[in-house]
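# Inside the fold
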Amino acid sequence: MTDAEKLAERLLQWEERWEHGEDVPASELCQDCPDLADQLQSQIDILKKMAWMKEGAEPSDDGDSEPADPLVGKTLAGRYRLDAFLAEGGFGRVYRGFDLELQRAVAVKITTAGKARRRADDLLEEARKVAKLRHPGIVSVHDVGKADDLHFIVSDLIDGTSLAGIIQGKRPTPEEAAHLVAEVADALAFAHDNGFIHRDIKPANILLDQQGKPLIADFGIATGSSDHLDAGVASSGTLAYMAPEQLAGEIQLIDHRVDVYALGVVLYELLTGRLPYHARTPITLREQILFCQPQPARNRSIPPQLEQVCHRCLAKHPADRFATAGKLAVALRSAIRQA
């Protein structure tokens, strides 16, 4: 891998964790290539000032302290007290909250109305549907609403980490990785059977509770369900995890198998510590996803059966992938037994 490819990969990893409130120093991301740390930090600083990865974000200044968040301490709808800011992403800001009525901690996602009113209304309508989706591997949505100019979604608060943090730290063994992804595939199979497609599966959206159990977050909220598929929704997602048919805008091919593809990218990362495609620019990365084959995931510690499962998920055409997430889960567990 060239230095440029290493930089591009680590910049994607930084952005992934930045979306969930982690400002990871370049030195930590470049532990295996410390000579690139200064270049990476320079690119990170540029992204922060441009703030292109955040909807409605303001460029940060060079001060040492952050201004106080005016929402912390506020109570929404007379019920949900916002205790602390947790993270920021495409939807808006996420807070640790407290449900005064049920006396329990919750996560509260907030977006302001303003120019985003129409999109926010769509997201709230989608959240109402997702609230009916109950599975132990999916973060539950409990309530949605509006308070003044704020739209909010209340869900379970998961005290733990995400797969994004695991990939950057001590990665699991291939067997452990297969087990984690199989559990996620089980949850996806349930959601798909109930008419939902996530379309933004990635490590930051797979949370691990204190027992190490994976749960899918932001299910259907970021990009809508299959009932509202149009060209804009079809092309939504995080570039490195988007299936070729999403990038090409081939709406007639987009179904639950885009989640199978994305989960294959997650499995590849867990197995190798890197993304299947490496590029200097988003345009080049898009071309690689559309037209190139990923580098083999093979090394001495990865069982051949598991590598085959991973690469089948990454097939260019959806017909060549696993037909369902359930079949992927079965294949993963079979690969573990055969290892």
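Below is a short write-up of the structure.

Turning to the sheet that holds strand S8 (residues 206-208), a few remarks are in order. Read from one edge to the other, the open sheet built from 3 strands follows the order S7-S8-S9, with strand pairing classed as antiparallel. Only two strands of the sheet have a single partner each, and these edge strands are strand S7 (161-162) and strand S9 (214-216). Here helix H6 (residues 174-193) sits on the sheet in contact with S8 and S9, set at roughly 35° to S9.

A few words on the nonpolar core. One finds Phe219, Leu263, Leu328 and Leu332 to be the most contacted residues of the largest nonpolar core, which totals 65 residues. Apart from the residues lying within four places of it in its own chain, the contact partners of Phe219 are Val130, Leu133, Ile138, Leu188, Ala191, Phe196, Ile197 and His198. Core analysis: the next-biggest nonpolar cluster, separate from the first, contains 13 residues, Leu7, Trp14, Ala26 and Ala37 among them.

The angle between the axes and the distance between the axes are what describe a pair of packed helices. Put simply, helix H11 (residues 304-313) and helix H12 (residues 325-338) touch, their axes get as near as 8 Å, and they point 160° apart. Judged on the interaxial angle alone, H12 and H11 are roughly antiparallel. For the crossing formed where H11 meets H12, the hand is left-handed. Two secondary-structure elements touch here, H11 through Gln305, Leu306, Val309 and Cys313 and H12 through Leu328, Ala331, Leu332, Ala335 and Gln338. Among the residues forming the contact of H11 with H12, the class breakdown is 7 nonpolar, 2 polar and no charged.

Cut-offs and rules
- Residues numbered from 1 in each chain as written.
- Predicted model: local features only at pLDDT ≥ 70, side-chain atom pairs only at ≥ 80, totals over all residues.
- Heavy atoms only, no water.
- Pairing = 2+ DSSP bridges.
- Helix = DSSP H or I, 4+ residues; strand = E, 2+ residues; numbered from the N terminus.
- Contact = heavy atoms within 4.5 Å.
- Axes fitted to C-alpha atoms, helices over the stretch in contact; angles between N-to-C directions.
- Core = buried A, V, L, I, M, F, W, Y, C linked by side-chain atoms within 4.5 Å.
- Buried < 20%, exposed > 50% of the residue type's maximum accessible area, 1.4 Å probe, protein only.
- Parallel < 35°, antiparallel > 145°, perpendicular 65-115°, else oblique.
- Left-handed = near helix turned anticlockwise from the far one by under 90°.
- Nonpolar A, V, L, I, M, F, W, Y, C, P; charged D, E, K, R; others polar.

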